[in-house]
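Coordinate analysis (summary)
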Amino acid sequence: MRRIISVLLENEPGALSRVVGLFSQRNYNIETLTVAPTEDDTLSRLTVTTTGSDRVIEQITKQLNKLIEVVKLVDLTEGSHIERELMLIKLKASGSQRAEIKRTVDIFRGQIVDVTSTIYTVQLTGDSDKLDAFIQAVGSTGVLEVVRSGVSGIARGEKVLSL
Amino acid sequence: MELLSGADMLIRSLQDEGVEYIYGYPGGAALHIYDALFRQDKVKHILVRHEQAAVHMADGYARASGIPGTVLVTSGPGATNTITGIATAFMDSIPMVILCGQVASTLIGEDAFQETDMIGVSRPVVKHNMSVRHPSEIPEVIRKAYYIAATGRPGPVVVDIPKDMTTPNERYEYAFPKKVKLRSYNPAIRGHAGQIRKSVEMLMAAKRPIIYAGGGVVLGKASKQLTELAHMLGYPVTNTLMGIGGFPASDKQSLGWLGMHGTYESNMAMHHSDLVLAVGARFDDRVTNATEKFCPGARIVHIDIDPASISKTIEADVPIVGPVDAVLKEMISLVKESKEKPDPEALKAWWKQLDEWRAFHGMRYETSDTYIKPQEVIEAIWRITKGDAYVTSDVGQHQMFAAQYYKFDKPNRWINSGGLGTMGFGLPAAMGVKLNYPDSDVVCVTGEGSIQMNIQELSTCKQYDLPVKIVNLNNQALGMVKQWQDMNYESRHSQSYMGSLPDFIKLAEAYGHVGIRIDKKEDLEPKLKEAFAMKDKLVFLDIYVDPSEHVYPMQVARGSMKDMWLSKTERV
Ligand SMILES: Cc1ncc(C[n+]2csc(CCOP(=O)(O)OP(=O)(O)O)c2C)c(N)n1
Ligand SMILES: [Mg+2]
C-alpha cells in the first residue's frame, strides 16, 4: 500500500543522507521525497511516499525513529489528510492544439504560466493521481518536459506534527 | 574558566568521561591529538599494529565490562581500516566511540591527501556519527558520543575531527557538560505495565513454555533477573550464541544454546513450545531457520529495548519495549503476587519430554584413537580454567566448538563476533580483555585461517605484556567452509585448503612469546596445563585436530528449527 510519512528532522548536515541511506540500505522503496526547512529553523520537514506491506511500513517508521536526528514522525495515511504535489509541464502548443490545451488546463484548474508561439508551460497542483490524469489527458506526444515536486502532506483537522 | 586547545579539550573530555585506555594508531590528521595525549598520563594509549585490531580490542573490553571502548585513528586509511571492526560492533550492539582524524575543514571535498568521507563510509554501520564543526563543541560532542553509544540499544559512534579543530594555539573555554540534552533520542526506561501484566498471565497459562534469551540479557546486565524469573517459574531456558552466560549453562533448567549449531534439545523445545518468552533476542536467521516454519504452535512475548527488533522477522503477540532488566524485575514481582501458578502437571510432562530430548543427543561426539578431537580440547580448557576464563573466538568451526563445549556460567565471558562473523576478531578482542582483567585467564580459541587475519598483534601483546593463551585448533583448512562444501557441494573443496602454513611455534617465538605444538592425544591435557600455568607468558598452542570433523547439530537449510543433522549420517 502507498503511504505518506512525514518527518520532523534536525536541520543538520548529513541528516538527510541518513534518511535516504536507510531506505536503500534496508531495501525500502522511495517514490517521492521532499524536504525543506520549517518555521523553526532548527527543524526540517521531510515527506516521503513509499509502498510496502503493513509489516514493512511498520519497520520503516521504527527504523526512521531510531535515527538520532529524527525528532518526530507520522504516517499521514493512517488518518484523513491532505496531499499536494506541484507539477510544471511544458507542452507543444501550436495552431488548433492551443485552445484544446487551454480547455484541459481549465478543467484541471491549472494555470498557464509561460507562453511562446509554440509552447505552453503549465502549472498544476493536486494529489499525484490528478497530475497523472492531466498528463494522460493532454497525451504524451505533446509533452516536452515534466517537473514534479514530490508529495507534501498535512493531517486534516486538529492534528499537528510539531514538537 | 580554563582555556584549552581542541586537542587538549578532547583528551580532557576523555579523562572526564572516565576513559582509561584508548586503542589506536597515529597519523597526520591526528597528530595534534597525539601530542595532547603525550602531555598527560591519565588516559593511556595502546598502539596496535593495524587499526582493525584497535577496534576489536575496544570491542573485547566493552563486551567484558559493559563500558564503551575507545578508538583513536587518523583520517583516510586509518579510518577505513576501522570499518570491519565497527561493523562487527554494530551487528552485536557493542558500545564504542571511534575518534577519527580528518583533513582540515578547509580542505574537505578537495580530495586532499588522506581524505575519506568517514561520515559517509561509516554511516550504515554505526549507531550514530558526528563531525566536529568548531573546537569549542568538542566536550559536548564527546559527552554525547558516549551517551549515545552506551544507552538504549548500544552501538558504535564515530566522531570525525578535522585537523583544524585541534590546532594547538587556538584555545577555548573548557567545560565538560554534566548532562546531555537530545530532544530526539529518548530510550525507553520501562516497559508498558499492561503488556507486562498480559505477558505474565500468558506465562502462567502456558503448558510448554520456553525462555529464549539473547545478547540483550548480557548487554542489559539482566542475567540475575532472568535467572530469578526462570527459577521462580521452573521453565527451561535457551540462550542465543550472543546470550551465552546470560543464564548459567550448568543450571539444570538450561537447554544450552539454540539455532543453526544449537543443541538438539533447544531446537526441539522451541519448535514444540506453546509460549516463547524472548528476552533481548532478535530472531536472527541463524536462530529461526525458515521463518514460515518457525515455532508453529507458539505465542510469542518479545521484550527488547529496540522497538525495531520487535516483529521484524517474527511477529510478536505481546511486544514489550523496554530495558530487559527493568521489565524482568516487574515480571518477577507480578509472578510473586499472582494467585495463578504454572500448571504443575503440564510442566512435569514438558520436562519429561525435554529430558528425553536431552538424553537422545546431549552434545555427543565420536572420539578417535588417532586424532585429537577439537571438542576434547575445549572440554580440557574448561576443566583447566575451572570454567571461569574469558573466552574469545574467531569465526569458523572452532568458534562453534568453543561455544558448545565450554560451559559458561557467567555473562560477559563468552566473546565472539556473532552477528558479522568476523575472522580476525579473536586475538585483539582477547587483548582488550586481558589488558583490563589482568588477573583472569583469557583464552582466544581460533583456527589457522582466522588467526592469520590479525596475527601482527602478537607484537602489540609483547609491547604491553598481554599474556593471553591462544588455542589454535589447527585443522589445516578453512574448516567451516569445507564443511559446507562437504554437505552442499559434493566435497568440492574450492579454496578451503590453505597450504604453506607458517610454523606457528617459531612465529610465536619470533614475536617473543612461547609456542607449543600438540599433536598427540596423550599430550593434550599435560601440555595445556603447562601452558596455563605460565601466567605471565603469552602461549601460542598449535593443536593439530581431526581435519575431517564437522560441527553438529546443524540445522537443515530452509527447514524448521527441528530439522537437523546430528552427525554425518543422522538426520532428524
Ligand atoms: C573476514 C572473513 N572472511 C571470510 C569469512 C568466511 N568464513 C567463515 S568461517 C571460515 C573459515 C575459518 O577458518 P579457520 O579460522 O581455520 O577456522 P575453522 O573453521 O577451520 O575452525 C571462513 C573463510 C569470514 N567469516 N570472515
Ligand atoms: Mg581451520
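Here is a short report on the structure shown in this document. None of these values were measured; they are calculated from a predicted model.

**Digging into the interface of chain B and chain A**
Tallying the contact residues gives 21 residues for chain B and 20 residues for chain A. Interface area, chain B with chain A, both sides summed: about 1,700 Å², of which 46% is carbon and sulfur. When the buried area of chain B at its contact with chain A is split by residue, Arg123, Arg183 and Ser184 of chain B rank highest and sum to 37% of it. At the boundary of chain B with chain A, the tally comes to 2 salt bridges. Between lysine 66 of chain A and aspartate 306 of chain B there is a salt bridge, with the nearest N and O atoms lying 2.7 Å from each other. Taken together, the connections running from chain B to chain A amount to 12 residue pairs in polar contact (both at pLDDT 80 or more). For the side of chain B that touches chain A, the residue count by class is 8 nonpolar, 5 polar and 8 charged.

**Section: the site of ligand 1**
All names here are of chain B. If you check the shell around ligand 1, you find 17 residues, and the closest are Gln397, Gly421, Ser450, Asn475 and Gly479. Take glutamate 448: an N or O atom from its side chain is 3.0 Å from an oxygen atom of ligand 1. Here ligand 1 has 590 Å² of accessible area as a free molecule, and 76% of this is covered by the chains. In terms of residue count, helix α19 (residues 479–488) provides more of the shell around ligand 1 than any other element does, 3 residues in total. Here the shell around ligand 1 is built from residues that sort into 7 nonpolar, 9 polar and 1 charged.

**Some thoughts on the packing of helix α1 (residues 15–25) of chain A against helix α2 (residues 54–66) of chain A**
Axis angle and axis distance: for two packed helices, these are the angle between their axes and the distance between the axes, and together they describe the pair. Residues and elements named next belong to chain A. Look at α1 against α2: their axes get within 11 Å of each other, and the N-to-C directions meet at 145 degrees. Between α1 and α2 lies a crossing whose hand is right-handed. Note on element contacts: α2 touches α1 through Ile60, Gln63 and Leu64, opposite Val19, Leu22 and Phe23. Along the lines of polarity and charge, the residues of the contact of α1 with α2 split into 5 nonpolar, 1 polar and no charged.

**Comments concerning the packing of helix α3 (residues 51–65) of chain B against helix α5 (residues 83–91) of chain B**
All names here are of chain B. Following both chains from N to C, one finds α3 and α5 inclined at 25 degrees, their axes separated by 7 Å at the closest point. When the axis of α3 is compared with that of α5, the two are roughly parallel. Residues Gln52, Val55, His56, Asp59 and Arg63 of α3 pack against Thr84, Gly85, Ile86, Thr88 and Ala89 of α5. Among the residues making up the contact of α3 with α5, the classes are represented as 3 nonpolar, 5 polar and 2 charged.

**So, a nonpolar patch on the surface**
All names here are of chain A. Together, Leu16, Val20, Ile30, Leu33 and Val35 make up an exposed nonpolar region whose accessible area comes to about 320 Å². Locating leucine 33 in the fold gives a position in strand β2 (residues 32–37). The exposure class assigned to leucine 33 is partly exposed, which follows from its relative accessible area of 31%.

**Details of the sheet that holds strand β17 (residues 442–446) of chain B**
Residues and elements named next belong to chain B. The 6 strands lie next to each other as β16-β15-β17-β18-β20-β19, forming an open sheet whose pairing is parallel. Only two strands of the sheet have a single partner each, and these edge strands are β16 (414–415) and β19 (514–518). In terms of strand pairing, strand β15 (residues 390–393) meets β16 through 2 bridges, oriented parallel. By the bridge assignment, valine 391 is partnered in β16 with tryptophan 414.

**Some remarks on the pairing of β2 of chain A**
Along any regular strand the residues' side chains alternate between the sheet's two faces. All names here are of chain A. As judged from the 6 bridges shared by β2 and strand β3 (residues 43–51), these two strands associate in the antiparallel manner. For leucine 33, the partnering residue across the bridge sits in β3 and is valine 48. What sits between the antiparallel neighbours β2 and β3 is a turn of 5 residues.

Reading the values: rules and limits
- Residues numbered from 1 in each chain as written.
- Chains lettered and ligands numbered in written order.
- Predicted model: local features only at pLDDT ≥ 70, side-chain atom pairs only at ≥ 80, totals over all residues.
- Heavy atoms only, no water.
- Contact = heavy atoms within 4.5 Å.
- Buried area = accessible area lost by both parts, 1.4 Å probe.
- Salt bridge = Lys/Arg side-chain N within 4 Å of Asp/Glu carboxyl O.
- Polar contact = N/O pair within 3.5 Å; in protein donor to acceptor, adjacent residues only side chain to side chain.
- Nonpolar A, V, L, I, M, F, W, Y, C, P; charged D, E, K, R; others polar.
- Near = heavy atom within 4 Å.
- Areas by Shrake-Rupley, 256 points an atom, 1.4 Å probe, with all protein chains shown as cover.
- Helix = DSSP H or I, 4+ residues; strand = E, 2+ residues; numbered from the N terminus.
- Axes fitted to C-alpha atoms, helices over the stretch in contact; angles between N-to-C directions.
- Left-handed = near helix turned anticlockwise from the far one by under 90°.
- Parallel < 35°, antiparallel > 145°, perpendicular 65-115°, else oblique.
- Patch = residues over 30% accessible without salt bridge, like charges linked within 9 Å, V, L, I, M, F, W, Y side chains within 5 Å.
- Buried < 20%, exposed > 50% of the residue type's maximum accessible area, 1.4 Å probe, protein only.
- Pairing = 2+ DSSP bridges.

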